[in-house]
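Chain residues, written in single-letter form:
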Number of protein chains: 2
Amino acid sequence: MKSKFFNKATDIAKYIIRESVKDGDIVIDATAGNGNDTAFLADQVGVNGKVFAFDIQDMAIQNTRKKLQELNLINRVTLIEDGHENIDFYVKNEVNLIIFNLGYLPKGDHKIITKSETTIIALKKGLELLSKNGILLVVIYSGHEGGKEESIEVENLLSSLDQREYNTIKIDFINQKNKPPVLIGVEKKG
Amino acid sequence: MKSKFFNKATDIAKYIIRESVKDGDIVIDATAGNGNDTAFLADQVGVNGKVFAFDIQDMAIQNTRKKLQELNLINRVTLIEDGHENIDFYVKNEVNLIIFNLGYLPKGDHKIITKSETTIIALKKGLELLSKNGILLVVIYSGHEGGKEESIEVENLLSSLDQREYNTIKIDFINQKNKPPVLIGVEKKG
């Protein structure tokens, strides 16, 4: 019996994506980073689907483009080098899923981090774009400088959503000593 | 896109059981109650598996037996009318999964509740019985009298488990006003 439920926040997010995102879906990767989630999403949405992938860093966009080209998935993805707080300027569709992977770019400059000011704007705009039964996933790190503040603000926002319209769950790894990331998931009710 | 991840704690527990418990597994329902989980587990373990179901209340054991008989699953279940703190007296096998549904018996006497004193003993003994990759699930209610105290003690115990041996996750419904139950899951590492 090998469990799929008790791994890292990023693994659980991936698992939820695998079980939720279907062929033809329109989804957003709000933090493209090195393109891992973007590629996974592009694979899940199929030839009829669409991924919008945002990152403010040129290096992240380049890395993501390279990965997508290697995997022959670039045609399913619109790469946008801009902050995710401008998400509504680029995405006019309803979307089935949005993922945020907060913090800094792995292998990048650890001083360039997502900041609560823009993250909160992006989350609010993302929630507006969600279709019925659409899902918002946020992987939250609190170990780096500024991370704690951001995690509190994000949790405050998502825990205050009207329960008649949204379900918000928080998945926490409560016996880990080194502040592993937590996952907050929001589902817009159908 | 219909989600399976953002429902009640009991639904998520059921989902984890469905994805984890296999034909031939040995499992424990530490709180048989009205037999819903017991029947579900008995279905999952198949003809080669085994369920041990505990409840301290005669009515719960009777309800559970009736349900199992109706579903023709009684042969897969050993019903034990005793407190789950005596679990080790009856179960000598390694088990693949244990579920606790704390609080009171639905439709029963709401004054008869699981108490942290015996719950903690049962949880410790349950953890000892888990096989590698075995899973312990605890659905925790804090709305009733005594529930808050019990929930704190259970979380203290399970969040203090050695991370080299166990992964503990907590799933919380953070935008619900009426203190819905939370789910804590523990996986023994392989």
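Keep in mind that what you see is a predicted model, and the values were worked out from it rather than measured.

Trainee: What is the right way to look at the packing of helix H1 (residues 9–20) of chain A against helix H2 (residues 36–45) of chain A in this model?
Mentor: A pair of packed helices is captured by two measures, namely the crossing angle of their axes and the spacing between those axes. Residue and element names in this part refer to chain A. Following both chains from N to C, one finds H1 and H2 inclined at 15°, their axes separated by 10 Å at the closest point. Between H1 and H2, the angle is such that the two are roughly parallel. In the crossing of H1 with H2, the sense of the turn from one axis to the other is right-handed. Mapping the contact onto sequence places Lys14, Ile17 and Arg18 in H1 and Phe40, Leu41 and Gln44 in H2. Residues belonging to the contact of H1 with H2 are distributed by class as follows: three nonpolar, one polar and two charged.

Trainee: I tried to follow the interface of chain A and chain B on my own but got confused; where do I start?
Mentor: Where interface size is given, it is often the accessible area lost as the parts come together that is meant. Taken together, the 41 residues of chain A in the interface contact 41 residues of chain B. In total, about 3,500 Å² of surface goes out of reach between chain A and chain B, with carbon and sulfur atoms giving 57% of it. Where chain A meets chain B, there are zero salt bridges. Between the two partners, chain A and chain B, sit 16 residue pairs in polar contact (both at pLDDT 80 or more). At the level of elements, H1, strand S4 (95–101), strand S5 (130–140), helix H6 (147–159), strand S6 (166–173) and strand S7 (182–188) of chain A are the ones that each hand at least two residues to the side of chain A that touches chain B. Of the residues forming the side of chain A that touches chain B, the biggest block, eight residues, is contributed by S6(A).

Trainee: Would you explain the relation of the copies chain A and chain B in this entry?
Mentor: Put simply, the two copies of the chain differ by a rotation about an axis and a shift along that axis. If you rotate chain A by 180° and push it 0.0 Å along the axis, it lands on chain B with an RMSD of 0.0 Å. Each copy turns onto its partner about a two-fold axis. Taking C-alpha positions as reference, the residue of chain A nearest the rotation axis is A:Ile171, located at 2.3 Å. Residue by residue, 100% of the interface of chain A is reproduced at the interface of chain B, so both copies engage with the same surface.

Trainee: Would you mind going over the nonpolar core with me for this structure?
Mentor: A general tendency of soluble globular proteins is for nonpolar side chains to be buried together. Judged by nonpolar contacts, the single largest core of 60 residues is most densely connected at A:Leu97, A:Leu137, A:Leu183, B:Leu97, B:Leu137 and B:Leu183. Excluding anything up to four places from it in sequence, A:Leu137 contacts A:Ala13, A:Ile16, A:Ile17, A:Leu97, A:Ile98, A:Ile99, A:Phe100, A:Leu183, A:Ile184, A:Gly185 and B:Phe6. Judged by nonpolar contacts, the second largest core, of 30 residues, contains B:Ala30, B:Phe54, B:Leu102 and B:Leu129.

Trainee: Would you take a moment to explain the environment of B:Arg65 for this structure?
Mentor: Residue and element names in this part refer to chain B. If you trace the backbone, arginine 65 turns up in helix H3 (residues 58–70). According to the relative accessible area criterion, arginine 65 is partly exposed, its value standing at 35%. With 19 residues separating them in the primary sequence, arginine 65 and glycine 46 have C-alpha atoms 17 Å apart. Sequence-distant contacts of arginine 65, that is, excluding residues within four places in its chain, are made with Ile74 and Leu79.

Trainee: Would you explain the pattern of salt bridges in this entry?
Mentor: Proximity of charged atoms lets side chains of opposite charge pair with each other. Taken as a whole and assessed by the stated rule, the structure comprises 10 salt bridges over all chains. Among the ionic contacts, a cluster of salt bridges with common partners joins A:Glu155, A:Lys170 and A:Asp172.

Trainee: How should I be thinking about the pairing of strand S3 (residues 77–80) of chain A in this particular structure?
Mentor: Sheet faces and side chains relate simply in a regular strand, where the side chains alternate between the two faces. All names here are of chain A. In the sheet, strand S2 (residues 50–54) pairs with S3 via four bridges, with the strands oriented parallel. Residue pairing for S3: alanine 53 is matched across the bridge by leucine 79. Following the backbone out of S2, through helix H3 (residues 58–70) and into the adjacent parallel S3, one traces a crossover that is right-handed.

Trainee: So what exactly am I meant to see when it comes to the side chain of B:Asn167 here?
Mentor: If you trace the backbone, B:Asn167 turns up in strand S6 (residues 166–173). For B:Asn167, a relative accessible area of 13% puts it in the buried group. Excluding anything up to four places from it in sequence, B:Asn167 contacts A:Phe6, A:Asn175, A:Gln176, B:Gly185, B:Val186, B:Glu187 and B:Lys189.

Trainee: Would you mind showing me how to read helix H6 (residues 147–159) of chain B here?
Mentor: Since one α-helical turn is 3.6 residues long, residues separated by three or four positions face the same way. Residues and elements named next belong to chain B. Taking 1.5 Å of rise per residue, the 13 residues of H6 would be expected to cover 18 Å, and the 18 Å separating its terminal C-alpha atoms lies within 8% of that figure. Those residues of H6 not exposed but buried are Gly147, Glu150, Ser151, Val154, Leu157 and Leu158. What you see down the axis of H6 is that its buried residues fit within an arc of 130°, all on one side. Packed against the buried residues of H6 are helix H5 (116–129), strand S5 (130–140), S6 and strand S7 (182–188).

Trainee: Teacher, can you tell me more about the packing of aromatic side chains here?
Mentor: Here a ring pair, both rings aromatic, is described through the centre-centre distance and the interplanar angle of the planes. Residues and elements named next belong to chain A. Tallying each qualifying case throughout the model produces four aromatic pairs over all chains. Ring geometry for phenylalanine 54 against tyrosine 90: centres 5.8 Å apart, planes inclined by 70°, an arrangement best described as edge-to-face. Here the residue phenylalanine 54 occupies a position in strand S2, and tyrosine 90 occupies one in helix H4 (residues 87–90), the gap between them amounting to 36 residues. Residues phenylalanine 89 and tyrosine 90 carry aromatic rings whose centres are separated by 5.1 Å and whose planes lie at 80° to one another, so their mutual orientation is edge-to-face. Taking relative accessible area as the criterion, tyrosine 90 reaches 31% and is therefore assigned partly exposed. Through successive ring pairs, a cluster of aromatic residues spans Phe54, Phe89 and Tyr90. Sitting above the plane of the phenylalanine 40 ring, lysine 14 keeps its charged end 5.2 Å from the centroid.

Rules used in this analysis
- Residues numbered from 1 in each chain as written.
- Chains lettered and ligands numbered in written order.
- Predicted model: local features only at pLDDT ≥ 70, side-chain atom pairs only at ≥ 80, totals over all residues.
- Heavy atoms only, no water.
- Axes fitted to C-alpha atoms, helices over the stretch in contact; angles between N-to-C directions.
- Helix = DSSP H or I, 4+ residues; strand = E, 2+ residues; numbered from the N terminus.
- Parallel < 35°, antiparallel > 145°, perpendicular 65-115°, else oblique.
- Left-handed = near helix turned anticlockwise from the far one by under 90°.
- Contact = heavy atoms within 4.5 Å.
- Nonpolar A, V, L, I, M, F, W, Y, C, P; charged D, E, K, R; others polar.
- Buried area = accessible area lost by both parts, 1.4 Å probe.
- Salt bridge = Lys/Arg side-chain N within 4 Å of Asp/Glu carboxyl O.
- Polar contact = N/O pair within 3.5 Å; in protein donor to acceptor, adjacent residues only side chain to side chain.
- Least-squares fit on C-alpha atoms with pLDDT ≥ 70 in both.
- Core = buried A, V, L, I, M, F, W, Y, C linked by side-chain atoms within 4.5 Å.
- Buried < 20%, exposed > 50% of the residue type's maximum accessible area, 1.4 Å probe, protein only.
- Pairing = 2+ DSSP bridges.
- Right-handed = clockwise from strand over helix to strand, strands pointing away.
- Expected span 1.5 Å × (residues − 1).
- Arc of directions from axis to C-beta.
- Phe/Tyr/Trp six-rings, centres within 6.5 Å; stacked < 30°, edge-to-face > 60°.
- Lys NZ or Arg CZ within 6 Å of the ring centre and 35° of its normal.

These values are about where atoms sit, not about what they do.
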